[in-house]
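Residues per chain, in single letters:
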Amino acid sequence: MPVPMNDRDLELEEPGNEAAGPSASRRAQLRAWMLRRRSILVRVAIAIVAMTAILLFNPSFFGWGFAVAAMIIAVPISRFRAYAAAFLPYGGAWLGFTLLRSLADETGVQLRTTQVTAIERTMFGGVTPTIWLQSHLFDPVHIHWYDYVTTFIHWSYFFVPHVAAIIMWRKAPDHYRRYLIATVITLGMGLVVYFLSPAAPPWLTADRAPQQDIYRVMANVGRHLNSSLYDRTYSALGDPNPVAAMPSLHEAITFLVFLFSLRAGWKVSVPMGIYAVAMAFSLVYTGEHYVIDTLVGASIATYAYLYSGRWLTFTAPIFQLVNRRTAPLIPHAPVASQGTGLGD
């Protein structure tokens, strides 16, 4: 027996309503997508405002502004208080390091020039690796593809460690705390060496030590890309202390990130190991550091990694206080169960 149809059934059968269903569904999906992405759009807007304000205040703080903007975009607004509690010490450590590093050449301690080059030659049978590499690979008239690659690897130091810190904080807070302590140890030990034994990089010692000229590949590449832009950028963001070359903090921090990636599995640790080696090669080839600078930097990072756990016990009350004030915004998980967080 046929069932009588009501007015609602007749409306659904009308041809004009067949397209209304999919259209309404698409509009609903679009609204849902906008709601999900609204927080991201708000964070992007806040990041742009913060970046603009920092640049207007001091153009030389471009690096800090970029780091702040990246972190604002990466962190949900609901976790901003936890983010601030976690990264204010991190940012303070880097800011303090930058300010103190600029004073390392004001102590009156004699600059090490011939001593470093003498050690380098002794290590490599009378050959300075930077000179050997540049004599075989570098042509100041013709910039090769690997000149760009090594320069960009060098520049990547200004954001890769901070991205790694954000990833660890979001996925493995306990490991982030250890990474924070290890970073402070690495920066602190680097400052001690800077003050006690200031040393110039290869490109700066070429005219002071008994050796042939060494090119600063980064400057050649930057001026080849855009000379005026590179000069303006470097004048604003340039090294606050060009004679603070021993140890290489570029290699130290990069190697520290590699060490923290070891528990994340080979898919993360192998690329990070290659990256650390590539960083060392790039620093030596481009004339930014001697090999011994990178070795000392890696050694300091290893010490910081191995002993950061012990130092963490001394600072545990501070972290517990921060956790109580920011809970439940900071997720907690056992160290052994989450790895480093870089590969999770």
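Residues numbered from 1 in each chain as written. Predicted model: local features only at pLDDT ≥ 70, side-chain atom pairs only at ≥ 80, totals over all residues. Heavy atoms only, no water.

## Considering the overall build of the protein chain
Consideration 1: Per the secondary structure count, the protein chain includes 15 helices and 0 strands.
Consideration 2: Carbon and sulfur atoms form 68% of the exposed surface of the protein chain, whose accessible area is close to 18500 Å². (Helix = DSSP H or I, 4+ residues; strand = E, 2+ residues; numbered from the N terminus. Areas by Shrake-Rupley, 256 points an atom, 1.4 Å probe, with all protein chains shown as cover.)

## Considering the packing of aromatic side chains
Consideration 1: For the structure on display, the rule yields 14 aromatic pairs.
Consideration 2: Between F97 and Y194 the ring centres are 6.3 Å apart and the planes differ by 40°, which places this aromatic pair in the tilted class. Residue F97 is found in helix α4 (residues 80–101), and its partner Y194 is found in helix α9 (residues 173–196); the two are separated by 97 residues along the sequence. Residues F97 and Y194 agree in their burial class; the two are buried.
Consideration 3: A ring pair is formed by Y157 and F158, whose centres lie 5.2 Å apart and whose planes are at 70°; its orientation type is edge-to-face. (Phe/Tyr/Trp six-rings, centres within 6.5 Å; stacked < 30°, edge-to-face > 60°. Buried < 20%, exposed > 50% of the residue type's maximum accessible area, 1.4 Å probe, protein only.)

## Remarks on the environment of V270
Consideration 1: In this structure, V270 sits in helix α13 (residues 266–285).
Consideration 2: Among the residues examined, V270 registers a relative accessible area of 42% and is labelled partly exposed.
Consideration 3: In sequence terms V270 and F258 are 12 residues apart; their C-alpha atoms lie 8.5 Å from each other.

## Some remarks on the side chain of T286
Consideration 1: Within the secondary structure layout, T286 lies in the loop between α13 and α14 (291–326).
Consideration 2: A residue is classified by how much of its surface remains accessible, and T286, at 1% relative accessible area, is buried.
Consideration 3: With near-sequence residues (within four places) excluded, T286 lies in contact with Q134, T150, Y215, R216 and V217. (Contact = heavy atoms within 4.5 Å.)

## Details of the packing of helix α8 (residues 160–171) against α9
A pair of packed helices is captured by two measures, namely the crossing angle of their axes and the spacing between those axes.
Consideration 1: α9 packs onto α8 with a crossing angle of 145° between their chain directions and a minimal axis gap of 6 Å. In this structure, α8 uses P161, A165, M168, W169 and K171 to contact α9, whose residues at the interface are P173, H175, Y176 and Y179.
Consideration 2: Split into classes, the residues belonging to the contact of α8 with α9 amount to 7 nonpolar, 1 polar and 1 charged. (Axes fitted to C-alpha atoms, helices over the stretch in contact; angles between N-to-C directions. Nonpolar A, V, L, I, M, F, W, Y, C, P; charged D, E, K, R; others polar.)

## Regarding the pattern of salt bridges
Consideration 1: Per the stated rule, a full pass over the model turns up 2 salt bridges.
Consideration 2: One salt bridge connects D174 with R177, and the closest N-O pair in it is separated by 2.4 Å. Of this pair, D174 and R177 both sit in helix α9, 3 residues apart, which is roughly one turn of the helix.
Consideration 3: A relative accessible area of 10% means that R177 is categorised as buried.
Consideration 4: For E288, the salt bridge is made with R216, and the minimal N-O distance between the two is 2.8 Å. One end of the pair, E288, is in the loop between α13 and α14; the other, R216, is in the loop between α10 (202–205) and α11 (217–237), with 72 residues separating them in the sequence. There is no split in this pair, since E288 and R216 are both buried. (Salt bridge = Lys/Arg side-chain N within 4 Å of Asp/Glu carboxyl O.)

## Things to note about the packing of helix α6 (residues 129–137) against α13
Consideration 1: Running from N to C, α6 and α13 point in directions that differ by 80°, and their axes come no closer than 8 Å. By the criterion of interaxial angle, the relationship of α6 to α13 is roughly perpendicular. Here P129, T130, L133, Q134 and L137 of α6 lie close against α13, whose contacting residues are F281, V284 and Y285.
Consideration 2: Classifying every residue of the contact of α6 with α13 gives 6 nonpolar, 2 polar and no charged. (Parallel < 35°, antiparallel > 145°, perpendicular 65-115°, else oblique.)

## Some points on the nonpolar core
Consideration 1: One finds F87, Y90, Y176, Y179 and L249 to be the most contacted residues of the largest nonpolar core, which totals 43 residues.
Consideration 2: With 10 residues, the next largest nonpolar core counts L133, Y148, V221 and V284 among its residues. (Core = buried A, V, L, I, M, F, W, Y, C linked by side-chain atoms within 4.5 Å.)

## What about the environment of F159?
Consideration 1: Examined against the element boundaries, F159 turns out to sit in the loop between α7 (145–156) and α8.
Consideration 2: Considering only alpha carbons, one finds F159 and A70, 89 residues apart in sequence, at a separation of 9.2 Å.

## With respect to the confidence of the model for the protein chain
Consideration 1: The predicted model of the protein chain has a mean per-residue pLDDT of 74, with 63% of residues at 70 or higher.
Consideration 2: Low confidence marks residues 7–19, where pLDDT is under 50. Its contacts with residues over four positions away, or in another chain, come to 4 contacts.
Consideration 3: Considering only residues more than four positions removed or in separate chains, one finds that residues 326–341, a stretch of pLDDT under 50, has 40 contacts. (pLDDT = per-residue confidence, 0-100.)

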